[in-house]
Amino acid sequence: MAVITWLGGSPTDGAVAANWSGGSLPGASDTIVFDSNSTQNCNFSSSAVSQVVQIQIKSTFDHQIVFGTSSHAISLQSMIIEKTAAITATTATTFAFSHSSFPFTSGGLGTYVSFILGSTELN
């Protein structure tokens, strides 16, 4: 299990391994982080990244994650979003949450998805 950070590059395609820390695409046992290390938008134009453990969009992320050109589905266990307007989708995009303890018997949906706006946390 690794933490893989979006760095960005040219092109800004999320399917290009060189755009991620460590130089490899995030996989099923990894956590993706979007933070101040990012230099550009992350454009998901393919399904190269289709399963991860978690996606974290930090408040320091000053770009956008763009889902476009084709439908996209990502399977994950949880997602933490600390930045508003960080995700743009021009095509069908699905986040499929799965976890061994479903259906939300411990802590509810907020245990898996958190939207944090300023000092107010919404679950």
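The preceding data block contains the structure.
A short tour of the structure in this document, coming up. None of the values given here were measured: they were computed from a predicted structure.

## Details of empty space enclosed by the protein
Scanning the entire structure with this criterion turns up one cavity of 30 Å³ or more. Computed from the structure, the largest cavity encloses a volume of approximately 40 Å³. F34, F44, I55, I65, F67, I74, M79, I87 and F95 together form the lining of the largest cavity. Of the residues in the lining of the largest cavity, the class split is nine nonpolar, no polar and no charged.

## Side note on the packing of aromatic side chains
With the rule as written, the count across this model stands at five aromatic pairs. On the basis of an interplanar angle of 70° and a centroid distance of 4.9 Å, the ring pair of W6 and W20 is categorised as edge-to-face. Taken together, the residues W6 in the loop between β1 (3-5) and β2 (31-34) and W20 in the loop between β1 and β2 connect sequence positions 14 residues apart. Residues W6 and W20 agree in their burial class; the two are buried. Each ring, one from F67 and one from F95, has its centre 5.8 Å from the other, and the planes form 85°; the classification is edge-to-face. Here the residue F67 occupies a position in strand β5 (residues 65-67), and F95 occupies one in strand β9 (residues 93-97), the gap between them amounting to 28 residues. For F67, a relative accessible area of 2% gives the class buried. Looking at F95, the relative accessible area reads 24%, which means it is partly exposed.

Each value, and the rule that gives it
Residues numbered from 1 in each chain as written. Predicted model: local features only at pLDDT ≥ 70, side-chain atom pairs only at ≥ 80, totals over all residues. Heavy atoms only, no water. 1 Å grid on protein atoms, 1.4 Å probe; cavity = no way out; pocket = protein on both sides within 12 Å on 5 of 7 lines; lining within 4 Å. Points joined across faces, edges and corners; volume = space filled by probe spheres on them. Nonpolar A, V, L, I, M, F, W, Y, C, P; charged D, E, K, R; others polar. Phe/Tyr/Trp six-rings, centres within 6.5 Å; stacked < 30°, edge-to-face > 60°. Helix = DSSP H or I, 4+ residues; strand = E, 2+ residues; numbered from the N terminus. Buried < 20%, exposed > 50% of the residue type's maximum accessible area, 1.4 Å probe, protein only.

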